[in-house]
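Results of the structural survey
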Amino acid sequence: MGALSSAPEQLAAPQDDISAGEAILRRQAQRESAARTYARSLPVVPVRARGMTVEGADGRRYLDCLSGAGTLALGHNHPVVLQAVRAVLDSGAPLQVLDLATPVKDAFTTALFETLPAELAERGRIQFCGPAGTDAVEAAIKLARIATGRGGLLSFSGAYHGMTAAALAATGDVAVRSAAGDSDARITRLPYPYDYRCPFGIGGDRGAELSARYTAHLLDDPKGGVQPPAAMLLEAVQGEGGVIPAPDAWLRRMREITAARGIPLIVDEVQTGVGRTGTFWAVERSGIVPDVMVLSKAIGGSLPLAVIVYRDELDAWDPGAHAGTFRGNQLAMAAGAATLDFVRRHKLHERAETLGNRMMSRLRALAGHHACIGDVRGRGLMIGVELVDTEAEPDDHGALPSAPRLAARVQQEALRRGLIIELGGRYASVVRLLPPLTITDEQAEAVLDRLADAIDAAHPATRERAA
């Protein structure tokens, strides 16, 4: 794909195509549930897509920095993925096989284990779950509870692990959990290091150290009220929580704390895996090896697939203890094996590290001219830009309040300029960039140009000061 300009592209489209797209959007609003999310803020009707470019029914082209919430490591319809899927279709192989062994599954499992931390790959077991990441989180929690005979779970502020029962209980979003009538009696919530809005008002290494110290103290305090838990569940980079990377030293301390107390460590790599954060798996940066890794999204090569990989000593399942009709998705396994192999052979994780650092450097320079950008952070091609209210008073530690309305305007202005972005974090005030790992230098520049223009348009006061 050649270079793309920073201006939105416009294709000639027949009037009836435009009308058809608008009709589809109207029917969606009439028929689909009130729970729909992306469709509300991104009124696009995709009809074609390739790489990072999505074409809508109205003929407009967009640069997609959502990538299926991180699912599309290679972008839309990558040739190696299409070839892998076609090969299975043309072979006459069964497409759904429950948990039976097949050559396609064997090839996927082999490709996956070749990418895992060596210690886990050597002594690992894999459980194929239902098609969504939340089911894999459920499986991981259930496995830990069965293996340890304990019920409690350590989770973190800002966490997001899915929408099913145990996964939702471990999620930090109070509004979502309360709307579902969730009970978190067996969840102990711990403070996640958040440099910009440090729960201890300190930030940096010291703030992370206090988080670790608090965790160890709580677990060891006989009056702390916490029973020995079944597991600790964490993300190496919180995605929905606002693209908050955990410091490497903090991750190592969590590994030390859990190992010393016989607590299995579960790391949710649903969104961070397959090269997204600059290493193939996010845990590799810190050097830790979890007891359980939860994997989904990109491992299916754009198709639904979710697994957990765990140390063999935890393999305490009875037959059928965790099942799922669609855990045998052969097309997803073929697409996933092709994706894993392509990312590894072409070192796209290293590319993500290099290009991600370059993009964050430019965004930080942009923040120097835009007071509404409170923080720029991320790992690799998982980038967050936190927008703040410049008219409000800072808190006791200098951070300005979140600016959700501004963030929503930025998202809409970006869409007008042909850029699809997602929002996350506290009060949905963090602009999230999750481009495919195949993004070109020219596309990266176009993304940043369009985002800068969108911020200017959404926050005129900033533009006036910059001028």
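It should be noted that the structure appears before, not after, this text.
A few points on the structure. (Residues numbered from 1 in each chain as written. Predicted model: local features only at pLDDT ≥ 70, side-chain atom pairs only at ≥ 80, totals over all residues. Heavy atoms only, no water.)

Moving on, we get to the pattern of salt bridges. If you walk through the whole model with that rule in mind, you get 24 salt bridges. For Glu240, the salt bridge goes to Arg432, with nearest N and O atoms at 3.1 Å. Note that Glu240 is positioned in the loop between β9 (237–238) and β10 (244–245) and Arg432 in strand β18 (residues 430–433), a separation of 192 residues in sequence. Given a relative accessible area of 26%, Glu240 falls into the partly exposed group. For Arg345, the salt bridge is made with Asp341, and the minimal N-O distance between the two is 2.7 Å. Of the two residues, Arg345 and Asp341 are both situated in helix α12 (residues 330–345); the distance of four residues between them amounts to about one turn of the helix. (Salt bridge = Lys/Arg side-chain N within 4 Å of Asp/Glu carboxyl O. Helix = DSSP H or I, 4+ residues; strand = E, 2+ residues; numbered from the N terminus. Buried < 20%, exposed > 50% of the residue type's maximum accessible area, 1.4 Å probe, protein only.)

With that out of the way, let us pick up the side chain of Glu413. Tracing the sequence through the fold places Glu413 in helix α14 (residues 404–416). A polar contact of 3.2 Å, which involves the side chain of Glu413, links it to the side chain of Arg416. (Polar contact = N/O pair within 3.5 Å; in protein donor to acceptor, adjacent residues only side chain to side chain.)

Let us now look at the nonpolar core. Considering soluble globular proteins, one finds that nonpolar side chains tend to be buried as a cluster. If you look at the biggest cluster of nonpolar residues, it comprises 99 residues, and the most contacted ones within it are Phe108, Trp250, Trp281, Val410 and Leu433. Excluding residues that lie within four positions of it along the chain, Trp250 makes contacts with Phe156, Pro191, Tyr192, Pro193, Ala208, Ser211, Ala212 and Leu234. Grouped together as the second largest cluster of nonpolar side chains are 26 residues, Ala144, Val270, Val292 and Tyr310 included. (Core = buried A, V, L, I, M, F, W, Y, C linked by side-chain atoms within 4.5 Å. Contact = heavy atoms within 4.5 Å.)

All right, on to the sheet that holds strand β13 (residues 307–311) then. The strand order across the open sheet formed by seven strands is β5-β13-β12-β11-β8-β6-β7, and the pairing between neighbours is mixed. Only two strands of the sheet have a single neighbouring strand rather than two, namely β5 (124–128) and β7 (187–190). Put simply, the sheet's adjacent strands are angled 20° from each other on average, direction ignored. Pairing geometry for β5 and β13, over five bridges, is antiparallel. Pairing of Phe128 across the sheet is with Val307, part of β13. Helix α11 (residues 248–260) contacts β6 (153–156), β8 (231–234), β11 (265–268) and β13 of the sheet and is inclined by roughly 165° relative to β8. (Pairing = 2+ DSSP bridges. Axes fitted to C-alpha atoms, helices over the stretch in contact; angles between N-to-C directions.)

What follows covers the sheet that holds strand β14 (residues 373–379). Pairing between sheet strands relies on hydrogen bonds along the backbone, with the strands arranged either parallel or antiparallel. Strand order in the open sheet made by the four strands is β14-β15-β18-β17, with antiparallel pairing throughout. Looking at the sheet topology across the chains shown, the edges are occupied by β14 and β17 (422–424). Between one strand and the next, the sheet's axes are offset by a mean angle of 25°, whatever the strand orientation. With four bridges joining them, strand β15 (residues 382–387) and β18 adopt antiparallel strand pairing. Paired with Gly384 across the bridge in β18 is Arg432. Each of β14, β15 and β18 is contacted by helix α13 (residues 348–367), which is oriented at about 175° to β14, the strand it contacts most. Across the sheet, α14 touches β15, β17 and β18, and the angle it forms with β17 is around 165°.

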